[in-house]
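Here is what each chain is made of, one letter per residue.
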Amino acid sequence: MGVADWLRRRVDRRAPPDDLGARTRALVTRRNEYGFDPFGFHPDHLHTAARLAGWLYRSYFRAEAHGIEHVPASGRVMFIANHSGQLPFDGLVIGSAVFLEPPQPRLVRSMVEHFVPTVPFASYLLSRWGQITGTPENCRRLLRQDEAILVFPEGARGISKPFSKRYQLAPFGLGFARLALETDTPIVPVAVIGAEEQAPAVNLRPLARLFGAPSFPVVPYPPFVPLVPLPVKYRLYFGEPMRLTGDPDDDDELLEDQVKAVRNRIQSMIHLGLQARKHVFW
Amino acid sequence: MSSGDPQPERPKVVVTGMSGRLGRVVARHLHRDQRFQLVGLDRRPFSGRPKDVEHHEVDLRSKKARDVFRAGDVAALIHMGVMHDPRASAAELYSWNVSGTSKLLEYAQAYGVKKVVVLSSANVYGPRPDNPQFLTEEAPLMAAQRFPQMRDLVEIDHLVSTFFWKARETETVILRPVHILGGVHNAPSNYLRLDPIPVLLGFDPMVQVIHERDVASALGRALSPGIRGIFNLVGPGEVPLSVIISELGRRTIRIPHPLARPLWALAFRLGLSSYPVAELDFIRYVCMVDGSRAERELGFRPRFSLRETILAVDERSDW
């Protein structure tokens, strides 16, 4: 429809030939006679999005992915990562890495906020690109179909934290652990370095209260609200897959230890990544 | 009004709303089967019906409707006579739909009907931005929260659900099909017959559709002994609304959603549109269901492909 097709024509005309078409075709998806999967994903639309994302990934953020061999070539998997930087580019970079780097590309399905389906264009473009509304039912269904999903257990607490709290993980939700246990899904922990500096923000509490928003971030460069990320260099660290053990209906206290183990793993990968890093921008 | 049929001992099936277009499709399907003696119950006449189909032009709430059951030889009841006229008064609709259904259930229990099949709709779940992509039969029926017009249908569904417990010796089945397409004059088929079709700028939800004859065959399956429970009925797959519209070769008018509500309300008031404003959410948000239970327990699989189902809205049905 309209915008999606327009975007596709604009982008496809300008782009030089590349490997994205082959990678899009190599994705394993369940599609019907019109080429759509049950969640509204369509490979042609992804191809367009992949060109934009590929440019951001390779040229703008010059991302490096370490440990890409830990991304399984097939089968269900849950990527658990730290969430930061006011804008959800960390999700885009992880998705691009898993699509562009491994020999067998994977489509990462991330959980978008519940308000997104009420926003014009975003409502359907994100679903054409394989992203889904973040409900536990959707997660469960996709994992049972052996798909790869991306979860940020810090949620909005993580992405909206101010610059002063950079690389300190916010508390993790427990939902992902219950889902992983229920569907017997391996967890690949991911540490994202760089996103925390893409929009160094302070939170203006009085304005947040005035607008009834959870936070009101302000950045020290025009347009002063976080819209455009700085061209930081992204470094991703994929850890070895972890398997949780136990019952999905266990009490929170029992699950908390396992969630803490995942969180500690990500925190220590972040520390290692920060030590190895020479500069924020290159 | 039955004729001298060679096998008069065929089990009697009462079908409400048989004169409607979907009713005729169902009647034709069940008639072809030759397993049942069909009895229609509708306020409207049924012109051109086959000789061995009995028809009573009565109000569901009337005494005459009870008389149809009184003999005690009704084996099954298919209730699909739900009225959707958006122009009728709310009181009249409520009385027809809800009181009518509760009367029917009362007769069914009093006269020992072994099987009750009610055609509800997947719309009872309601289109909502935070819906999971596929709702199961256990999902709450949220449609009435935003749609006063849907309250009747939700209430009928609940009425029948409680009937499961009240009449345990009756096998009760609720079918909740997704948007039914075909020659029927229901809201989704009528909407797709518009040209140009109004859509919301920036919204293109995934939708599920089912062919009217697939619904008929599911109703037929629900009559088999041993089947009871609530079943979502899904068609051959999921597609964006825009794909359906372009498959039908229709033009569209894209309306920005903040303008759509007032414009739609005005058009409804002027009689230009027969869609209540609240139904806009059906072309904005996802309301899709998981049909795996019907596949597993009812053995139901749609026979028509997605393309055939979509193109069916332009077909003329006869009979």
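Residues numbered from 1 in each chain as written. Chains lettered and ligands numbered in written order. Predicted model: local features only at pLDDT ≥ 70, side-chain atom pairs only at ≥ 80, totals over all residues.

**Looking at the interface of chain A and chain B**
Contacts between the two partners involve 22 residues from chain A and, on the opposite side, 22 residues from chain B. Of all the secondary-structure elements, those providing two or more residues to the side of chain A that touches chain B are helix 5 (122-128), strand 4 (132-133) and helix 6 (136-144) of chain A. Grouping the constituent residues of the side of chain A that touches chain B by class yields 10 nonpolar, 9 polar and 3 charged. (Contact = placed C-beta atoms within 7 Å. Helix = DSSP H or I, 4+ residues; strand = E, 2+ residues; numbered from the N terminus. Nonpolar A, V, L, I, M, F, W, Y, C, P; charged D, E, K, R; others polar.)

**Let's talk about the nonpolar core**
All names here are of chain A. With 154 residues, the main nonpolar core has F79, I94, V190 and L236 as its most contacted residues. In terms of residue count, helix 4 (residues 89-100) provides more of this core than any other element does, 7 residues in total. For L236, the contacting residues outside a window of four places in its chain are A63, E64, A65, H66, V93, I94, A97, V190 and V192. (Core = buried A, V, L, I, M, F, W, Y, C linked by C-beta atoms within 7 Å. Buried ≥ 20, exposed ≤ 12 C-beta atoms within 10 Å, placed from the backbone.)

**Topic: the packing of helix 3 (residues 43-60) of chain A against helix 4 of chain A**
Residue and element names in this part refer to chain A. Look at helix 3 against helix 4: their axes get within 10 Å of each other, and the N-to-C directions meet at 100°. In terms of their interaxial angle, helix 3 and helix 4 are classed as roughly perpendicular. In contact with A50, A53, G54, L56 and Y57 of helix 3, helix 4 contributes L92, V93, G95, S96, F99 and L100. (Axes fitted to C-alpha atoms, helices over the stretch in contact; angles between N-to-C directions. Parallel < 35°, antiparallel > 145°, perpendicular 65-115°, else oblique.)

**A look at the sheet that holds strand 2 (residues 37-42) of chain B**
Residue and element names in this part refer to chain B. Pairing is parallel across the open sheet formed by 7 strands, whose spatial order is 3-2-1-4-5-6-10. This sheet does not close on itself; its edge strands, each paired only once, are strand 3 (54-57) and strand 10 (229-233). Across the sheet, the mean angle from the axis of one strand to that of its neighbour is 20°, orientation sign disregarded. Where strand 1 (residues 12-16) meets strand 2, 5 bridges bridge the pair, whose relative direction is parallel. When the bridges of strand 2 are listed, K12 appears paired with Q37. Here helix 1 (residues 21-33) sits on the sheet and contacts strand 1 and strand 2; the angle it forms with strand 1, its principal contact strand, is near 165°. Together, strand 5 (115-119) and strand 6 (171-177) form the strand contacts of helix 5 (residues 151-166), whose direction differs from that of strand 6 by roughly 150°. (Pairing = 2+ DSSP bridges.)

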